[in-house]
Structures are given as structure tokens and as C-alpha cells.
Amino acid sequence: MPRQEAAIRAKNFKEVALGYTPDMAAEEASRCIQCPKRPCVEGCPVNIDIPEFIKALREGKMADAVNVLKKTNALPGICGRVCPQESQCEAKCTLLKQKAPVAIGRLERYLADWERENKSSMPPAAPLPPPTGKKVAVIGSGPSGLTAAAELAKKGHAVTIFEALHVGGGVLMYGIPEFRLPKEIVQNEINFVKSLGVELELDAVIGKCDTIDEILAEGYDAVFLGTGAGLPMFLNIPGENANGIYSANEWLTRTNLMKAYLFPDYDTPLKVGKKVAVIGGGNVAMDAARCALRLGAEQVYIVYRRSEAELPARKEEVENAMEEGIIFKFLTNPTKFLDDGKGWVTGMECIQMELGEPDASGRRRPIARQGSEFVMNIDTAVVALGTTPNPLIAATTLGLKTTSHGTVVADETTGKTVKDKVWAGGDIVTGAATVISAMGAGKRAAADIDKFLTNL
Amino acid sequence: MEVGKTTRELGLLKTGDSIMSLTGPLGLPTHIENYGTVICVAGGFAVAPVMPIARAMKQAGNKVISILGARNKELIFWEDELRSVSDKLIVTTDDGTYGRKGLVTEPLKEILQSGEKINLVVAIGPSVMMKFCARTTQPFGVKTIVSLNPVMVDGTGMCGCCRVVVGGQTKFACVDGPDFDAHQVDWDLLAARQRTYLEQEKQAMDNWQCRCGQHS
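About the criteria used
- Residues numbered from 1 in each chain as written.
- Chains lettered and ligands numbered in written order.
- Predicted model: local features only at pLDDT ≥ 70, side-chain atom pairs only at ≥ 80, totals over all residues.
- Heavy atoms only, no water.
- Contact = heavy atoms within 4.5 Å.
- Buried area = accessible area lost by both parts, 1.4 Å probe.
- Salt bridge = Lys/Arg side-chain N within 4 Å of Asp/Glu carboxyl O.
- Polar contact = N/O pair within 3.5 Å; in protein donor to acceptor, adjacent residues only side chain to side chain.
- Core = buried A, V, L, I, M, F, W, Y, C linked by side-chain atoms within 4.5 Å.
- Buried < 20%, exposed > 50% of the residue type's maximum accessible area, 1.4 Å probe, protein only.
- Helix = DSSP H or I, 4+ residues; strand = E, 2+ residues; numbered from the N terminus.

(A) Quick peek at the interface of chain B and chain A. On the chain A side, the residues contacting the 37 residues of chain B number 33 residues. Buried surface at the junction of chain B and chain A, both sides included, amounts to about 2800 Å², of which 51% is carbon and sulfur. Counting across the interface, chain B meets chain A through two salt bridges. At the junction of chain B with chain A, the criterion picks out 17 residue pairs in polar contact (both at pLDDT 80 or more).

(B) The arrangement of the nonpolar core in detail. Ranked by internal contacts, the top residues of the largest apolar core, which has 74 residues, are I50, F53, I54 and L107 of chain A. Considering every element that reaches this core, the biggest residue donor is helix 18 (residues 435-454) of chain A, with seven residues. Leave out the neighbours within four places in its chain, and I50 of chain A touches C40, V41, C44, C89 and I104 of chain A. Counting 47 residues, the second-largest nonpolar core is a separate cluster that includes V345 of chain A together with V104, I111 and V142 of chain B.

(C) Region of the structure containing the pattern of salt bridges. A full pass over the atoms with the stated rule returns 35 salt bridges over all chains. We note a salt bridge from E250 of chain A to R254 of chain A, for which the minimum N-O separation is 3.0 Å. Separated by four residues within a single helix, E250 of chain A and R254 of chain A lie in helix 13 (residues 248-257), roughly one turn from each other. Put simply, K5 of chain B and E9 of chain B hold a salt bridge, and the shortest N to O gap is 3.4 Å. Residue K5 of chain B and its partner E9 of chain B are both found in helix 1 (residues 5-11); the two are separated by four residues, about one turn of the helix. Overall, the relative accessible area of 33% leaves E9 of chain B in the partly exposed class. Counted as one network, the salt bridges with shared partners bring together R3, R9, R106, R180, D287, R290, R294, R314, E316, E317, E323 and E324 of chain A.

(D) Region of the structure containing unusual backbone geometry. Going from F263 of chain A to P264 of chain A, the amide bond is cis rather than trans, its omega being 5 degrees. Looking at where P264 of chain A falls in the secondary structure, it is placed in the loop between helix 13 and strand 7 (275-279). A cis amide bond, omega -5 degrees, links G24 of chain B with the succeeding residue P25 of chain B. Along the chain, P25 of chain B turns up in the loop between helix 1 and strand 1 (37-43). For D203 of chain A, which is not glycine, the phi dihedral falls at a positive 60 degrees. Of note, D203 of chain A is situated in the loop between strand 3 (199-201) and helix 12 (212-217). Relative accessible area serves as the criterion here: at 16%, D203 of chain A is assigned to the buried category. Its identity is not glycine, yet L331 of chain A carries a phi of approximately 50 degrees, on the positive side.

This is the structure we're talking about:
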């Protein structure tokens, strides 16, 4: 996959991956042997009919290929860019053990981009069924909410999405950076969902402006909770409130949603120092580190308490980050932040770790090596340890059951919660996970809600 | 009363104009009950949030003594509104151009020293004013509520930009506040965090003024 050169792309917010040319797409599509077992379909959390869209692409039937994709996946432009295909569809590909799996993700991305650029060549969408007269409230316009809304609208139900922020998309807009997922593409996908008749109400902070019970009392027949996991986790070590120490949520929101990189055209800058330490090893940590580089940091570190093998981030993002010159400090854990006496961070005291026996997550447990403390000189830190659900919904909704992590309890298959007429899916149920698993949850819940509404 | 670039931009809007986004109410509401006698202190622009609080306190049966202070006469507003919901109103200006010359903490201290039983003080205004009101009431052991105004991004608890330390614990002013016990607030940390973007704020203002051809 052609990419912007590392030294150049580390200074701009343009998309890193440049996409296949038509020749590359045709060549890759013909690698698929259309095997009868089709294990790739099972590997996809939304069960896209992968061999079928690849076949249509190979035969040059672009519009057909797009339709196959869109039948099961309302947001193909997004999945093709952010799915960890290496652990999903491509991991199951029959060709995995031979040369290499078919680059399914890249083909999906190619198709989605083609559709955006060739809208006029697409046949008109299938007409929607007659309105059922049933109303569904979807809380949150992130991947699970957008998917649930699209699926329900396609069945003829009246759907309103309530979004707390001033633009839709959730993590797609505020979390994943421009250079991985251009916001124009996200807006395009949102517009597609709206074209199905879905209403999007912005600035609607459910739990504050209205509660779930008030929404049900207004006459909605069902509610889907897709509010994600937006509460940042901090290290809770001394000095963590000094200036220059950010949660990854704040860092990414200011950068991507609020366009810090376009200051002063936008009034929401970031104070980026010369030496930035990002604490964490997931996709969010990679995103935060690569944003820091593009915002002008001279040196960016990823500080992770386990080793490279345990990094949870998508392989491609780790490779990209390393290529761009980010320094990875493995087996390192911060213990304290130091400041300059005027409230600004100047250093981070760390301790070296070593790996012991596996813990509950199956990964080897990091243990501090006594006496190995050292100080990293930094002037900015971004804490990217993970997020849990914002407690606002659970705190203001009677009868909802939650776990000690703050996640909402819901049936794994249907997304139904213990509260009457309320379903949930995505990060609010699983804790922080992937865009595609949130979409899968949105789909399954929509199917169950549709069944419920039909039987009303 | 326009200080920064954004309020000046807002000030240029006319009736009928619109802005892109508005949401609320966010945070936790001020706790209103019949405490007995409540002193409401408003520093400058903060007469805006103080007035409805004074009104609610009065409606709940409290005796309300209000103190309204600003740097000079031009910056005093809503004096009549605040007077109409208070049993007594004292107005101060730093430079003496209106009302009593001095800071709001002076009449506040006098009332506390007079022996009158005060059950609660609500003080809202610039951070340094709230800090000094807290210092003034502390020796008298009177419960004091302040409304903290750190820099905020989303206002719903997703980013932690608004973190303040109260009673040694980190809180998010946007969801746990904005009201907090004044005697527990780490005022130095709040002041430091409010200065984070001073340089960029000036840059934004200069940039905007140049583009609009406006110079104050």
C-alpha cells in the first residue's frame, strides 16, 4: 500500500495511506481464489460478504461491489481504514499460510473511496419500506449508534440520534486522527445515514438535557445506548495535575475535533512542548504520539510498561509510529511527575519493569525492578491508559445495571439491557474496544429492536 | 464586558444572528435550601450567576445579604436586579467611582465580625477574588461555596482539562462542580492551570484584531 514517506508525513495531517491504484486493486482482487469455505466472512465482526465484493471488483462491476459492501456495512469508508484486519478477516484467509492473505481491508477502502468519488455512477438506492410508525432513540452518534440507526431506518422505523457534541461521529471525529481517518470521510458516512431518514440532534447531552426516562416518556418505543467509553483514566501519581499533562482524550479532541493544528484559525490550541511522553501502548497512544510529532514536538516517546510483544495497538500503526521516528521506551512505568515550581511539568520519574507470570488478561504481568528509578526530561505528557464509560447515563437512568468498571450490562447476542425498552452496544458495554466491534453490536441490537417493535 | 477574543466576537453579533452550538445545563446545580442567612458575593461579571442564586435563596426563605463589587463604575451592572432579590445590597468599586471604595472582602469581613449569624457564603468571581473571600471567611468557620472556572473543553467529563484539586482529591469541575467548598480548593493549582494558554490567547486576539482592522 503506497504511503506518504515517513519524514514528510510526520509533519502534516494528511492521510498517511495513499490507497490502491485501479491496477493494484485489480491485481490484489484476482489473488482471491474464491475458496468454497470462505472463512474470511466469519472473521468479520459484521459478516461482510467478502468473496462476493472481491469478485465483483475483479470483474470491474464497481457499483455491484459497493452494494455488496453496503448491504452489511453502513460505514465501509471507515472500516477499510481503521479495522485491525490482521486479526479479523485477513487472519482467517485461506492464503494466510501461503504467500500472504488477500489484502481485504485495502480492497474495501478502495471500493469505499471509489463510491465517494463516483456517486453519480451509482444506481439509486433501494427505496425504504413504508414507515412502521415506531420511534427509536439512539443515544450517541459514534460507530455503534450510526450503525444501529442505519439498520433501523432501513426497516422503516423513525430514528433520532441524540449526540452530545456539536458534530456527529463520536470517536470517529474526536479520537481517530485526520491522517488515519479524514473527517471528510466520516462526515460523508454520517450524511449517508441521514439520507436514510435518520434525524441527528446535536448538542443533546442525554443525562443532563434530558434523561433516558424522559425520552421514553416522550413516546419513543425503544432506546439504544451507544455512548461509548469517554471517561479518561489517569495514572493517579503525584504531580499529575501540572500544566502540560493531558489525558489522551483531551489531546486528541483538541487536535482532531477542535483542529489545534490549524490554530489560530481555530481557537482551541494545544501547548506542545519539545519533548513529549505518551504513556500507554494502544491505538490511542500511537495516535496521540503521531499527533504530537505533527504538532511540532522535537522528540516523542511512547512509554509502555510491558514489552513490544504485548503492545495492543494495531501493527500497522506501531510500524508507522516507529518509521516516523517515535522512540519506544518499553518496560518503563512512570511513578511521579516533576514540575518547575511554576506549575509546568519538567520531568517524569520512571522505574524499569520486568515481565512476570501472566495476569487475568493473559499478558505477562509487569513487575517493578527495585532501585532502577530514573528521570525522563519531558515538558509534555499524554496519559493514554484507556477509557471507561462516562457515568452520566448510568447515574441518571433508573433500573440500568452496571459493572464495577462502569460498563452497562447487556446481553451479548441481542444487546438487551435489564431495563425495559433499552438496549446497549459498543464501548459502553465492552469498555474501550474497536470501531468494528461497536458496529457489530449496533447491528445485532438493531435486529433485536426491530423484532421487538414488530411484535408490539 | 468583553475581555478575550471570543467575547468580543460575540459582542459584535446583532439580534437575530446565530452561533453554531449551545448546550446545557451542565455540571451540578447550586444546592438551595433554607440555611438561615446567606451572603452572596459577586465579583464583576459574576453578578450574572450570582443573581439567580440570590433569588433562589430568597425564595427558599433565607435572609440574603448581597455584595456586588467591580473595579470601577462602568463595570457594575444588574445592580437593581440583585437589589430586588436581596434583603440588603452593598456595592463596592476598587477605585471608589461608585458605591463604597474598596474590595468586596471588606464589607464581607465587617458583616462576619458584627456578630450576625451567617450560615452560608456564596462567592463567585475571578479566581483570586474567590480565593480571598475564602481566606476572609475561614477564620469565622462559615461554610463558603465558590464556583470554579478552569479552562474546559467538552464540559461533560470526557477530557479532564478542567481538573481541580479539592480536599486533596482530583475533581472535574465540569461534572463534579462547578460549586465546591472554598476552604478545600487548591487555589494555586487552579491559577496555574488557568494560565496554560495565556500566550495563545494573546496571539488569537492580535491575529483577530489585525484581520478585522480593529485595535482597542
